[in-house]
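Descriptive structure summary
Residues per chain, in single letters:
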Amino acid sequence: VTPLGLMSILKIIEKQEELPRTKSALYAKIIEQHKRYNNEIPSDESNKYLEGLDRVAVSMMLTDKQQLSKAEIVAVLDGNLEWANSSLSYFDLLIETDGLYHFENHAYKEYLAAEYLSRQDIKKVQKIVCYEGKYLIKPQWYNVVMLWLQLLSESGEIPAEIWDWISSEVSSLLLGCDKERI
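Worth saying up front: this structure is predicted, and the values here are computed from it rather than measured. (Residues numbered from 1 in each chain as written. Predicted model: local features only at pLDDT ≥ 70, side-chain atom pairs only at ≥ 80, totals over all residues. Heavy atoms only, no water.)

**Here's the deal with the packing of helix 2 (residues 23-33) against helix 8 (residues 142-154)**
What counts here: For every element, the axis is a line fit to its C-alpha atoms; helices are fit only across the contacting stretch, and the angle between N-to-C directions ranges from 0 to 180 degrees. Each helix is a run of DSSP H or I of at least 4 residues and each strand a run of E of at least 2, with the numbering of both proceeding from the N terminus. Should an angle fall under 35 degrees it is taken as roughly parallel, and over 145 as roughly antiparallel, whereas 65 to 115 is taken as roughly perpendicular and any remaining angle as oblique. By definition in these notes, contact holds between two residues if any of their heavy atoms fall within 4.5 Å. Charged means Asp, Glu, Lys or Arg here, nonpolar means Ala, Val, Leu, Ile, Met, Phe, Trp, Tyr, Cys or Pro, and polar covers whatever is left, Gly included.
Two elements in contact, helix 2 and helix 8, have axes whose closest approach is 8 Å; the angle formed by their N-to-C orientations is 90°. In terms of axis orientation, helix 2 runs roughly perpendicular to helix 8. Contacts from Lys23, Ser24, Ala25 and Tyr27 of helix 2 reach helix 8 at Leu147, Gln150, Leu151 and Glu154. Partitioning the contact of helix 2 with helix 8 into residue classes produces four nonpolar, two polar and two charged.

**Concerning the sheet that holds strand 3 (residues 100-103)**
Rules: Here the rule is simple: two strands pair whenever DSSP picks up at least two bridges between them.
Taken in spatial order, the three strands line up as 1-3-2 in an open sheet, and their pairing is antiparallel. Only two strands of the sheet have a single partner each, and these edge strands are strand 1 (68-69) and strand 2 (94-97). Seen against the sheet, helix 3 (residues 43-63) touches strand 1, strand 2 and strand 3 and runs at an angle of roughly 95° to strand 3.

In structure tokens form, the structure reads like this:
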């Protein structure tokens, strides 16, 4: 367990809440704790703001950047300044320093990127996480793919097409997954 995970687990225990069973469920709970406004914004708007952060996380992973300017964040969100401002203000996951935004913790970026992947079809996922023209996952995406697999398993059964790809091309990833979710 990482220090971030341990601190989050302690907060959950302190609140006498049930502990999540997987790493992805723990990160979902952490993200929930980072909302600035709990029930003041309808859940569909909250989901849109979180989707904005998902897209920012994927953009940072794709470009191998640790920080983005506000203009870059707006560009990632289809030029929608209001969406960018709302995403940045609703969650305190991105920290602004000298005009550049970075995730408070790299694990948040990885989890949010996995959330983004969970809404994509397998071909798009492969295009994002694999080397061009191959089905081998780039090393910087390993943790994201493991979290993505956990998210898929939590929302139902993982499609055979995904299992076939993972088991034939990158079976070493399965070793990093939670055994209860495989």
